[in-house]
Amino acid sequence: VGGDLSIDAVPGDRPLPVRVVNAYVARVYRAAVHDPVVSLAFQRVVHMLDAPAKLFAPRIVWRVLMGGARWRERPGTAPAAGHSASPRTTLPGAGSPQGLTTGSVASEAS
């Protein structure tokens with residue numbers, strides 16, 4: 001329900017808790033692009049392997065609120081050695097014996 005209220009075209013009041021959670025989830029989306037740990041946590045929640053509360057674990061909240069600043073590529077720079085702009089993560093037990101994979105670099109997020 002709260003997710004629906006993140007869309008401006010949906011009528012309804014947006015109480016403070018809904019606005020706070022929706023703003024946080026928007027930051028999760030942005031951080032997940034640059035931070036493989038946040039990306040893996042988000043993917044595990046989306047694929048219903050973990051409860052949504054896992055996105056509020058202190059280490060995830062910290063990384064989200066930092067905006068992936070330490071992990072994001074600066075404009076005009078290449079990814080650090082051993083890293084890629086599209087992280088690879090494996091979700092154990094998802095879809096196949098090998099797990100569900102995305103991207104191109106193994107994640108340290110297990």
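This is a predicted model, so every value here is computed, not measured.

On to the pattern of salt bridges, then. In the structure shown here, the tally under the stated rule is 2 salt bridges. Across the pair D35 and R63 runs a salt bridge whose closest N-O atoms are separated by 2.8 Å. Placement of the pair is D35 in the loop between α1 (16-34) and α2 (36-46) and R63 in helix α3 (residues 58-65), with a sequence separation of 28 residues. Residue R44 is joined to D50 by a salt bridge in which the shortest nitrogen-to-oxygen separation is 2.7 Å.

Once that is clear, we can look at α2. Among the 11 residues that make up α2, 9 are buried, leaving the element largely enclosed by the rest of the structure. All buried positions along α2 are accounted for by P36, V37, V38, S39, L40, A41, Q43, R44 and V45. The distance from a side-chain oxygen at the start of α2 to the backbone nitrogen of V37 is 2.9 Å, and the residue carrying that oxygen is D35. One or two positions beyond α2, positive phi appears at M48, with a value near 60°.

When you line up the elements, Q43 lands in helix α2. In this structure Q43 comes out as buried when scored by relative accessible area, which is 13%. In this structure the side chain of Q43 is engaged in a polar contact, spanning 2.7 Å, whose partner is the side chain of S39.

This next bit is on the environment of L55. If you trace the backbone, L55 turns up in the loop between α2 and α3. In this structure L55 touches Y24, V28, A41, F42, V45, I60 and V61, once residues within four positions along its chain are discounted.

A residue-level look at the protein chain finds 56% of positions with pLDDT of 70 or above and a mean pLDDT of 72. α2 holds the highest mean pLDDT among the elements of the protein chain, 96, whereas strand β2 (residues 100-102) holds the lowest, 46. Every residue in residues 76-91 is under pLDDT 50, and counting partners more than four places away or in other chains gives 48 contacts. Low confidence marks residues 93-110, where pLDDT is under 50. Its contacts with residues over four positions away, or in another chain, come to 43 contacts.

A word on α1. Here α1 is 19 residues long and its end C-alpha atoms lie 28 Å apart, about the 27 Å a rise of 1.5 Å per residue gives. Inspection of α1 places V18, N22, Y24, V28, A31 and A32 among the buried residues, and these make up the whole buried set. Close packing links the buried residues of α1 with α2 and α3.

If you walk through the whole model with that rule in mind, you get 2 aromatic pairs. With centroids separated by 5.5 Å and ring planes inclined at 80°, the aromatic side chains of Y29 and F42 adopt a geometry described as edge-to-face. Placement of the pair is Y29 in helix α1 and F42 in helix α2, with a sequence separation of 13 residues.

What counts and what doesn't
- Residues numbered from 1 in each chain as written.
- Predicted model: local features only at pLDDT ≥ 70, side-chain atom pairs only at ≥ 80, totals over all residues.
- Heavy atoms only, no water.
- Salt bridge = Lys/Arg side-chain N within 4 Å of Asp/Glu carboxyl O.
- Helix = DSSP H or I, 4+ residues; strand = E, 2+ residues; numbered from the N terminus.
- Buried < 20%, exposed > 50% of the residue type's maximum accessible area, 1.4 Å probe, protein only.
- Polar contact = N/O pair within 3.5 Å; in protein donor to acceptor, adjacent residues only side chain to side chain.
- Contact = heavy atoms within 4.5 Å.
- pLDDT = per-residue confidence, 0-100.
- Expected span 1.5 Å × (residues − 1).
- Phe/Tyr/Trp six-rings, centres within 6.5 Å; stacked < 30°, edge-to-face > 60°.

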